[in-house]
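# Notes for the structure review
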Amino acid sequence: TKKLIYASETLAGFGFGASSIALFARVAGGIYTKAADVGADLVGKVEMDIPEDDPRNPAVIADNVGDNVGDVAGMGADLFESFVGSIIAAVALANGDITLIMLPFWVAGAGIVAAMIGYFVVGTKEGASQKDLLNALLKGTMVASIFVVGFSALIIAFLFDGRESEGWKIFGCIIIGLVAGVLIGQVTEYFTSYHYWPTKSITEAGITGPATVIIQGLGVGMISTVFPVLIIVATILGCDALSESYGIAMAAVGMLSTLGVTLATDAYGPVADNAGGIAEMAELEERVRDTTDALDALGNTTAATGKGFAIGSAVLTALSLLAAFKEKAGIKDVDIGDPVVLSGALIGAMLPFLFAALTMLSVQKAAGAIIIEVRRQFAEIPGLREGTAEADSDKCVAISTQSSVEEMILPGLYAVLSPITVGFLIGPICLVGMLAGAIASGMMLAIMMANAGGAWDNSKKYIEIEGAAGGKGTETHKACVVGDTVGDPFKDTSGPALNILIKLMSIISLTVAPLMYGFDTWETAKWGLIPLAVMILGTVCVWYFFWRETQDITADVSSNNNNNSKASPEETAKPEDTAKKEEEEVDQKAGGEDVEVAA
């Protein structure tokens, strides 16, 4: 038993590794993709009035690469971290019981098989509507969930021979976790799909301008927190009643057991988005772009559903890790009325806002660099607007890459060192309060940002695909484009990054818990000064090297006697259309004479 307990403690290091790479992939990836996306949209669609994903836009390639970096790799790392964290929490809370240690591994393995079965039932007919496509993906998730239930029942019956009562209570926790995951996905779909009132209301608000689009979107995002919170609270209370903290950890394992299908559903969005980008750049016929736009709109909803699922699983995982930390640090009871605990809770509640602010500011700063470069290329490369010259896409990719790495230093520093600083400087009791405050605050902010961003995005798609409010090019459409631009860092950078924050702080706390065992408040204050000094020094260094110089994004976009910031109709035409027009002009000038054209 002692060997098993020791082995479970070393697993926390594995979780720390998973959390660290998730921080890099999710935060840096989110900054990369949204810097390129915002920069490409603001200069291309708003200033130059050229279509989305037009090959003349130098930032288009960076935007498409960013979809894979942030939305596929980032989400994969995020959910992998949750998956690993939930198993580690369950193992840590098993207290050396071999059966309880084996169970999460068996359930996770069964989930892989169930996800493979769910994959084979996903399909739809040609010309399917958005609702048909959503139902096809939901069918895969539901089938995988049903098979997980069946496999889990067999595993419980096999492992808990002679302990049937305890085993079936844990089985109930697994079921609760699965149901909670599906319900959170459905609630998220309701608030972000343009088939339902919340997203339609944002489009309607666009009639009176961008300001009302922002106001309505924020309201929708805030109200969307109600039902996921109630679902998570019901899950926590139900699992606690059945099997205490171990039951909550197993609910997280159950929720994440169908990860294969869930992650595929989420990755579907950026794949469809990139397909649309390739269709535009390859100048394929209009019907191809119409098809990819429809798939992309569905992808926005599935991505939002995946984010809701990731947030729910992150909260359950972080809560389980918090319970494991309390046990490993020798903390019995925590009184929220204790000033030390309450102080920790206030610090924890502040951290998600700080983290979200840093990532939002980073996107703005990195997007500014992209905007300057795209404007420069349009101004200095002759023939770029007309489509006769090629954009330097490599430069935008390099800017996004450098910016994303530079801008993740400060959020990463705070996420890693905050729990160590509070735990040693003040004490483990204060750290418990900090983790609880971060989980509560982080969940609200993450759900609000993810759902508001998804709803803003689909309010724009509702106009572009369904022709609502007069269709493309109207003032309502332009207002919703502004909302979509604001929503981009909300849903793809800051919101998802909060999952990483609460899990990373929890797993770091669990990793260092043995060092805090038996110490009271302020006893280890001298050791806490070291990480505090590193945080202060790191902040000063980041400001000095990366934030000190401000960017001038008011650069003139015109050159060569072109004073209009938007391209003329001739300039927005496709290159082959321009060529055809030139041929017609040559024919007219020839007046029946033979004309030789040198290639």
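These notes cover the structure that comes with them. (Residues numbered from 1 in each chain as written. Predicted model: local features only at pLDDT ≥ 70, side-chain atom pairs only at ≥ 80, totals over all residues. Heavy atoms only, no water.)

## Considerations on the environment of Gly 348
- Mapped onto the secondary structure, Gly 348 falls in helix H11 (residues 339-380).
- A residue is classified by how much of its surface remains accessible, and Gly 348, at 0% relative accessible area, is buried.
- Taking C-alpha positions, Gly 348 is 18 Å from Leu 23, a pair spaced 325 residues apart along the chain.
- Residues contacting Gly 348, with those up to four places away along its chain left out, are Met 434, Gly 437 and Ala 438. (Helix = DSSP H or I, 4+ residues; strand = E, 2+ residues; numbered from the N terminus. Buried < 20%, exposed > 50% of the residue type's maximum accessible area, 1.4 Å probe, protein only. Contact = heavy atoms within 4.5 Å.)

## Comments concerning the pattern of salt bridges
- Applying the stated criterion across every chain yields a total of 17 salt bridges.
- In this structure, the salt-bridge partner of Asp 78 is Arg 26, at a minimum N-O distance of 3.6 Å. Here Asp 78, found in helix H2 (residues 60-92), pairs with Arg 26, found in helix H1 (residues 2-47); they are 52 residues apart in sequence, far enough to count as distant.
- Accessibility expressed as a relative area gives 0% for Asp 78, which makes it buried.
- Put simply, Lys 34, Asp 37, Asp 457, Asp 488, Lys 491 and Asp 492 are held in one network by salt bridges that share partners. (Salt bridge = Lys/Arg side-chain N within 4 Å of Asp/Glu carboxyl O.)

## Describing the packing of aromatic side chains
- Counting across every chain of the model gives nine aromatic pairs.
- For the ring pair Trp 168 and Phe 171, a centre distance of 5.4 Å and an interplane angle of 90 degrees mean the geometry is edge-to-face. Placement of both Trp 168 and Phe 171 in helix H5 (residues 164-192) is noted, with a separation of three residues, approximately one turn of the helix.
- Residue class for Trp 168 comes out partly exposed when judged on its relative accessible area of 40%.
- Of the residues examined, Phe 171 reaches a relative accessible area of 15% and is grouped as buried.
- Centre to centre, the rings of Tyr 190 and Phe 191 are 5.2 Å apart; their planes meet at 85 degrees, and the pair counts as edge-to-face.
- By relative accessible area, Phe 191 is classed as buried at 6%.
- A connected cluster of aromatic rings, assembled from ring pairs, spans Tyr 190, Phe 191 and Tyr 196.
- A cation over an aromatic ring shows up here: Lys 365 above the ring of Trp 547, its NZ or CZ 5.4 Å from the ring centre. (Phe/Tyr/Trp six-rings, centres within 6.5 Å; stacked < 30°, edge-to-face > 60°. Lys NZ or Arg CZ within 6 Å of the ring centre and 35° of its normal.)

## Focus on the nonpolar core
- Judged by nonpolar contacts, the single largest core of 125 residues is most densely connected at Leu 103, Tyr 246, Met 250, Phe 325 and Phe 355.
- Here this core gets 18 residues from one element, more than from any other, and that element is helix H14 (residues 428-466).
- Not counting residues within four places of it along the chain, the set of residues in contact with Phe 355 comprises Leu 23, Val 27, Pro 411, Gly 412, Ala 415, Ala 497, Leu 498 and Leu 501. (Core = buried A, V, L, I, M, F, W, Y, C linked by side-chain atoms within 4.5 Å.)

## Points about unusual backbone geometry
- The phi dihedral of Glu 244 falls on the positive side, at around 55 degrees, and the residue is not glycine.
- Of note, Glu 244 is situated in helix H8 (residues 226-256).
- Even without being a glycine, Trp 522 presents a positive backbone phi close to 70 degrees.
- Note on placement: Trp 522 falls in the loop between helix H15 (475-516) and helix H16 (525-547).
- Under the relative-accessibility criterion, Trp 522 is labelled exposed at 55%.

## Examining a nonpolar patch on the surface
- Side chains of Ile 223, Val 226, Phe 227 and Leu 230 sit close together on the surface and give an oily, nonpolar patch of about 380 Å² of accessible area.
- A per-element tally of the nonpolar patch places H8 first, with three residues.
- Structurally, Ile 223 can be placed in helix H7 (residues 210-223). (Patch = residues over 30% accessible without salt bridge, like charges linked within 9 Å, V, L, I, M, F, W, Y side chains within 5 Å. Areas by Shrake-Rupley, 256 points an atom, 1.4 Å probe, with all protein chains shown as cover.)

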